[in-house]
Amino acid sequence: MKKLLTALALSPLLTVSTLAHAQDAAHAKGLMIDQAWSRVTTPTARVGGGYLTITNHGPHDDRLLAVASEHSGTAEVHMMTMQDDVMIMRPVAEGLVIAAGETLHLAPGGFHLMFMQLNQPHVVDEPFSATLTFERAGSKDVTFEVLSMRDSMDRAAMRDGHEPEAEGHKH
Ligand SMILES: [Cu+2]
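The structure presented is a predicted model; accordingly, all values stated were derived computationally and were not measured.

Definitions and limits used
- Residues numbered from 1 in each chain as written.
- Predicted model: local features only at pLDDT ≥ 70, side-chain atom pairs only at ≥ 80, totals over all residues.
- Helix = DSSP H or I, 4+ residues; strand = E, 2+ residues; numbered from the N terminus.
- Buried ≥ 20, exposed ≤ 12 C-beta atoms within 10 Å, placed from the backbone.
- Contact = placed C-beta atoms within 7 Å.
- Core = buried A, V, L, I, M, F, W, Y, C linked by C-beta atoms within 7 Å.
- pLDDT = per-residue confidence, 0-100.
- Pairing = 2+ DSSP bridges.

Asks: Quick question: what am I supposed to make of the overall build of the chain here?
Replies: The helix and strand tally for the chain stands at 3 helices and 10 strands. Going from N to C terminus, the chain has its helices and strands arranged as α-α-β-β-β-β-β-β-β-β-β-β-α. For the chain, the proportion of its 171 residues judged to be buried stands at 22%. The long-range share in the chain, meaning contacts at least 24 apart out of those at least 6 apart in sequence, stands at 69%.

Right, here's the structure in full:
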């Protein structure tokens, strides 16, 4: 990071045009990602979930195609469904559609990200990052906070009853 800052400082023209371009891209593509979180895992866990809210402010539907992170060998977009009275989860085959103008919540019990072949556990207050690849918006880096079991239950319960705008209080 220090190297990058030095390089940018030495070339002010590059800095300005690069930042302006990045901002244009973020607005033009119209996807907003927030409230990315996960829950703590046991130290030897091989899988962990990822939850977030995606809002598509753009005029076109978009699609979440892929997920990758350094702390997992593979990662997938999953959905939970009932099969013969048992909750099962399976990969979303053709990518997860975020329709134009819609907000999609990935939350426990529904759509979620599944980080697999973990090479390190999810530890409370140690955020991790992942790269989400969208059909139109391209790749986006997202930081996931890691909540304790208790806090994650609160977060999941909040999701059931309220839109994000109503979540005024913090724990
Ligand atoms: Cu899953």
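Asks: What should I look at first to understand the nonpolar core in this one?
Replies: For soluble globular proteins, the rule of thumb is that nonpolar side chains tend to be buried together. Of all hydrophobic cores here, the largest spans 24 residues; its most connected members are L64, V67, L113, A130 and F144. Elements that contribute at least two residues to this core include exactly strand 1 (31–39), strand 2 (48–56), strand 3 (62–69), strand 4 (72–83), strand 6 (96–98), strand 8 (112–118), strand 9 (128–134) and strand 10 (138–147). Element by element, the count of residues in this core is highest for strand 9, at 4 residues. Discounting residues that sit within four places of it in the chain, V67 has contacts with A75, E76, V77, L113, A130 and L132.

Asks: What am I meant to see in the confidence of the model for the chain here?
Replies: As a general rule, the predicted coordinates of low-pLDDT regions are not to be interpreted in detail. Overall, the predicted model of the chain reaches an average pLDDT of 83, with 75% of residues at or above 70. Confidence drops under a pLDDT of 50 for residues 10–17, and excluding neighbours within four residues, the segment shows 2 contacts in the predicted structure. The model gives residues 163–171 a pLDDT under 50, and that stretch makes 6 contacts with residues more than four places away or in other chains.

Asks: Would you mind going over the environment of S152 with me for this structure?
Replies: Checked against the element boundaries, S152 lands in helix 3 (residues 149–161). Those residues in contact with S152 that lie beyond four places of it in its chain are R39 and L147.

Asks: So what exactly am I meant to see when it comes to the pairing of strand 1 here?
Replies: The side chains of a regular strand alternate between both faces of the sheet. The pairing of strand 1 with strand 2 spans 5 bridges and is antiparallel. Residue M32 lies in a different strand from strand 2, and its bridge partner there is T55.

Asks: How should I be thinking about the pairing of strand 5 (residues 86–91) in this particular structure?
Replies: Sparse coverage of strand 5 is indicated by the burial of 0 of its 6 residues. Linking two consecutive strands that pair antiparallel, namely strand 4 and strand 5, is a turn of 2 residues; a positive phi of about 50° is found at D84 within it.

Asks: What should I look at first to understand unusual backbone geometry in this one?
Replies: Excluding glycine, most residues fall at negative phi; most peptide bonds, likewise, are trans. Look at D84: it is not a glycine, yet its phi comes out positive at around 50°. As for its position among the elements, D84 is in the loop between strand 4 and strand 5. Positive phi values are uncommon outside glycine, yet Q117 reaches one of about 50°. In this fold, Q117 is placed in strand 8. With 11 C-beta atoms counted inside 10 Å, the residue Q117 sits in the exposed group.

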